[in-house]
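Residue-level structural notes
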Number of protein chains: 2
Amino acid sequence: MAGSLSRREQFMLLSLLAACLAVLANTFDGDGEPLVASLAFSGIAFASCYALVRWLGDAFMRAGFKGKDMSKPKLVEIPETMGAVCATVYLFILIVFIPFPFYKDIVAATSGGGNRDFILHVQEVETGRFLHRFPHSKLASYLSAILSLQTVVLLGIGDDLFDIRWRHKILIPAFAAIPILSVYFVDFGVTKIVIPTPLRPYFGELFDLGWLYYAYMAAISIFCPNSINILAGINGIEVSQSLIIAMLLAFNDLLYLLPPPPAGFPSPHPATDSHLFSLYLLLPFIGASLALLAHNWFPARVFVGDTYCYFAGMVFAVVGILGHFSKTLLLLLVPQIANFVYSAPQLFHLVPCPRHRLPRFNRATGLLEPSTAVFDERNPLRPVVGAVLKLLHRVRLVRVTTDPASGRVVECTNLTLLNLWLVWWGPMREDRLCLGLSALQLACGLFGLFVRHKLALLVFTQDNWG
Amino acid sequence: MAGSLSRREQFMLLSLLAACLAVLANTFDGDGEPLVASLAFSGIAFASCYALVRWLGDAFMRAGFKGKDMSKPKLVEIPETMGAVCATVYLFILIVFIPFPFYKDIVAATSGGGNRDFILHVQEVETGRFLHRFPHSKLASYLSAILSLQTVVLLGIGDDLFDIRWRHKILIPAFAAIPILSVYFVDFGVTKIVIPTPLRPYFGELFDLGWLYYAYMAAISIFCPNSINILAGINGIEVSQSLIIAMLLAFNDLLYLLPPPPAGFPSPHPATDSHLFSLYLLLPFIGASLALLAHNWFPARVFVGDTYCYFAGMVFAVVGILGHFSKTLLLLLVPQIANFVYSAPQLFHLVPCPRHRLPRFNRATGLLEPSTAVFDERNPLRPVVGAVLKLLHRVRLVRVTTDPASGRVVECTNLTLLNLWLVWWGPMREDRLCLGLSALQLACGLFGLFVRHKLALLVFTQDNWG
């Protein structure tokens, strides 16, 4: 059953592939619109990822990458770590894409003779906003981005293979961030930040963070992948949240690229590079992830594995850091931040934490219910923490069960956003839960972008616009 | 027994690590000699690889990476694919090394303000041949090299995990070559080659190969890893041949860097970049591989896996391609080329090929003997091929057994360099065989370099020297 594509799927994928290849051939021959090429590559990413996830499922299960879906009436083993396939396709596409955004620049520069001469500047070979080519120095950033992503995939596969301990595995993205940080160090090296207007009397207009800036970037890289990794556990949730974040980031990029620049403003404007760069990384990600979601959506036929969570989170971290909009990125990660803050009492063992916190499957109804942590002599709850939990119960931020005799808290729902959603809206089917959280992600993200673009001028004197 | 370091090993490794870190701290504070830093990093690569291979052995065996050594009296299972550890350490070192060869260039360039300004040229911040810094454009090549190597490791691990078919696996290095080829395309793009003097009347001085140049580079990338992969199968042989090639390449680099440049010649001379680049990639490779060899030497306590062969071959391909001395590289691979040519009749099934061709372990003597292919009705030998084998037997290039009655060839030694060596010198212990082939590799390589530097001027008008 797994392992081959239906005739209809074959037809659809081949049509998509042919159309994308035709577009590509066109862009390569003509002026070469890198953004159009990137769109075509996203289509290729979708088609290849869709087919490969199907084809490689059996091989993955034979190699031991398999797991049981605990939230289904029948426990069938399905392939695990298929995010590695999605990531490999994505990385391959990024590498093959290299000649498109950088091509013309060099053709112009080498036309004189055998060796490069830096006579023609980039501006001279540009012929429009979407034909914009990157200056050559951007190549190093682009390569360092691929390198960081590949590193996180390599370490993520290592994690899925060797079951690395929790406290080590949280640092995997930190190692993966070293390439972009190293290249940032030699390639750009600016560690000054713009101070919000209200704080300028104390810090001045620009403040040099020095090595703290690198620490900040490393923190972003550690946070994004891990925060996606802990908002996981039901079919489709890892991929759908990543897709929504990626689409919102791409939407944010388009806000910079689409409207005509204000009068008197140089075209293309200064932030074009950053946002094109971001789109080039995000479009193939969206393509490959959509294909993965098709297999991972309820009822899932494959699991994506930690590899996908690390990979997706790292894509966002890389885009945010190299595009210099990490603050905007954090606005889009509000649900992940909320989930992390909400989970913290269990992660740091203030509240006893069972091994698995994913919602409980009720075999009788076929619905998911909040899973709970039970407090007994082996897992005691400190009285003060119990009192706080009761308070949270009052404002419906958790559901606790108290012992009628002693009044002590004996059980509470596990502190994850997934369980909280079930506390709020009652038991529901796995796909409804995933849809609900996706809607939340979308709403938070859109509000975040609104804040970013309408209210940022309250604290900063200028937007990225100029 | 495996899994921990002895007290003496701990002391040695920690001393080495401390010494190297001290050197590094010095180079970073002072003028920053990248070559000295690279040496220190090689020491760190040795220490980390030595310790990690020991520590991770058990984890690899638990994850299913294990194999039996067929050439030992007792069949004990030992960890397999440990080349992945060596490669990961190496890649990590290469990434952390980035700020050293590129650092000063940028510090000088950003000293003016927040943004980069290209006012100071590289020449101005250089203070000597070994303090030479790379121009910034070299960063893209360096990153693409790391990317190609990481890709080959990722695919190599995939190969070790999924047992990819022979005809697919031969193309793994071709995929891994895409990053360097893509970057070469946008970054350098020169596809002209210098024509040897005798051929100039027909082709001119320079000949533009066009896309054939990319095909040539891809062929180099496919050949190097696979040729090392087929000269394998006894303890230590994969690592020792790679080490000798790497050392000879480094020696060749020193030939360009050490002697003072001829009078009137600009210092540093044009090939300095290429050969420093090559050294930066080779020195940590030598460090990490020496550590792996310590565990893989007879009697081996770990296997290196296909991953190591691909990785090592790709290091050479990358160095040769990006350093523009792929012809010199091929001179150093003469034993591998000979082994490939000698193996070809079996690889292409002109002569029946058993599943394993490694030398046969004689349990009675403890020595290795040539393994053989037996020809019978299921594995028939064409008469003309039999006649050729008999001819080769005469000149001692193979040993055949003929049926006394019919005079037909019924058995011949397998066509690998390892078996041929045993045909020539008789049965020997595994480590003697490995040493013998290493000596052959060294002798061929030194002769190759002699040819390269003394005789090249017979066919070319100038050496890299000027």
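All values reported here derive from a predicted model rather than from experimental measurement.

**A short note on the environment of Tyr214 of chain A**
Residue and element names in this part refer to chain A. Its location among the elements puts Tyr214 in helix α10 (residues 211–230). You can call Tyr214 buried: its relative accessible area is 16%. Each C-alpha atom, one on Tyr214 and one on Met428, is 43 Å from the other, the two residues being 214 residues apart in sequence.

**Quick word on the domain arrangement of chain A**
Many analyses report the size of an interface as the accessible area lost when the parts associate. Residue and element names in this part refer to chain A. Taken domain by domain, chain A comprises domain 1 (82–332 + 447–458) and domain 2 (347–428). In this assembly, 7 residues from domain 1 lie in contact with 6 residues from domain 2. Summing both partners gives a buried area of about 530 Å² for domain 1 against domain 2, and 85% of it is carried by carbon and sulfur. Seen at the junction of domain 1 and domain 2, the total is 0 salt bridges. At the junction of domain 1 with domain 2, the criterion picks out 0 residue pairs in polar contact (both at pLDDT 80 or more). Along the lines of polarity and charge, the residues of the side of domain 1 that touches domain 2 split into 6 nonpolar, 1 polar and no charged.

**With respect to helix α12 (residues 272–296) of chain A**
The terminal C-alpha atoms of α12 of chain A, which comprises 25 residues, lie 35 Å apart, in line with the 36 Å expected from a rise of 1.5 Å per residue. Counted residue by residue, α12 of chain A has 23 buried out of 25 residues, so it is predominantly covered.

**Some details on the packing of aromatic side chains**
Here the structure, examined in full by the defined rule, presents 46 aromatic pairs over all chains. A centroid spacing of 5.7 Å and a plane angle of 85° characterise the contact between Phe41 of chain A and Phe97 of chain A, whose relative ring orientation is edge-to-face. Note that Phe41 of chain A is positioned in helix α2 (residues 34–62) and Phe97 of chain A in helix α3 (residues 83–97), a separation of 56 residues in sequence. As far as burial versus exposure is concerned, Phe41 of chain A and Phe97 of chain A are alike and both buried. Note on Trp421 of chain B and Trp425 of chain B: the rings are 5.8 Å apart at their centroids and 50° apart in plane angle, and the pair reads as tilted. Of this pair, Trp421 of chain B and Trp425 of chain B both sit in helix α17 (residues 417–425), 4 residues apart, which is roughly one turn of that helix. On the basis of relative accessible area, Trp425 of chain B is assigned to the exposed category, the value being 57%. Each member of the aromatic cluster is reached from another via a ring pair, and the members are Tyr90, Phe285, Tyr308, Phe311 and Phe316 of chain A. Across the ring face of Phe277 of chain A, the terminal group of Lys138 of chain A is positioned such that the distance to the ring centre comes to 5.2 Å.

**What to know about the pattern of salt bridges**
Residues and elements named next belong to chain B. Summed over the entire model, instances satisfying the criterion amount to 16 salt bridges over all chains. The salt bridge involving Lys169 is made with Asp306; its shortest N-O contact spans 3.1 Å. On the criterion of sequence distance, the pair formed by Lys169 in helix α7 (residues 166–169) and Asp306 in helix α13 (residues 305–322) is long-range, its members being 137 residues apart. In terms of burial, Lys169 and Asp306 fall into one category: buried.

**Re the pairing of strand β9 (residues 409–413) of chain B**
All names here are of chain B. With 3 bridges connecting them, strand β7 (residues 372–374) and β9 associate as antiparallel partners. If you follow Thr372 over to β9, its bridge partner there is Thr413. Pairing geometry for strand β8 (residues 400–402) and β9, over 3 bridges, is antiparallel. Note that in β9 the partner of Thr401 across the bridge is Glu411.

**Quick look at the sheet that holds strand β8 (residues 400–402) of chain A**
Residue and element names in this part refer to chain A. Spatially, β7-β9-β8 is the arrangement adopted by the 3 strands of the open sheet, whose pairing is antiparallel. Unpaired on one side and paired on the other, β7 (372–374) and β8 mark the two borders of the sheet. For this sheet the average axis-to-axis angle between neighbouring strands, irrespective of direction, equals 20°.

**With respect to the side chain of Lys169 of chain A**
Lys169 of chain A sits in the buried class, given a relative accessible area of 16%. The contact partners of Lys169 of chain A, leaving out residues within four places of it in the chain, are Asp159, Ile164, Asn226, Asp306 and Tyr310 of chain A.

**Digging into the packing of helix α8 (residues 172–187) of chain B against α13 of chain B**
Any two packed helices are characterised by the angle at which their axes cross and by the distance between the axes. All names here are of chain B. As a packed pair, α8 and α13 sit with axes 11 Å apart at the nearest point and diverge in direction by 35°. Of the two elements, α8 crosses α13, and the hand of that crossing is right-handed. In this structure, α8 uses Ile172, Pro173, Ala176, Ala177 and Ile180 to contact α13, whose residues at the interface are Tyr310, Met314, Val318, Ile321 and Leu322. The residue makeup of the contact of α8 with α13, split by class, is 10 nonpolar, no polar and no charged.

Definitions and limits used
Residues numbered from 1 in each chain as written. Chains lettered and ligands numbered in written order. Predicted model: local features only at pLDDT ≥ 70, side-chain atom pairs only at ≥ 80, totals over all residues. Heavy atoms only, no water. Helix = DSSP H or I, 4+ residues; strand = E, 2+ residues; numbered from the N terminus. Buried < 20%, exposed > 50% of the residue type's maximum accessible area, 1.4 Å probe, protein only. Domains from an automatic or database assignment. Contact = heavy atoms within 4.5 Å. Buried area = accessible area lost by both parts, 1.4 Å probe. Salt bridge = Lys/Arg side-chain N within 4 Å of Asp/Glu carboxyl O. Polar contact = N/O pair within 3.5 Å; in protein donor to acceptor, adjacent residues only side chain to side chain. Nonpolar A, V, L, I, M, F, W, Y, C, P; charged D, E, K, R; others polar. Expected span 1.5 Å × (residues − 1). Phe/Tyr/Trp six-rings, centres within 6.5 Å; stacked < 30°, edge-to-face > 60°. Lys NZ or Arg CZ within 6 Å of the ring centre and 35° of its normal. Pairing = 2+ DSSP bridges. Axes fitted to C-alpha atoms, helices over the stretch in contact; angles between N-to-C directions. Left-handed = near helix turned anticlockwise from the far one by under 90°.

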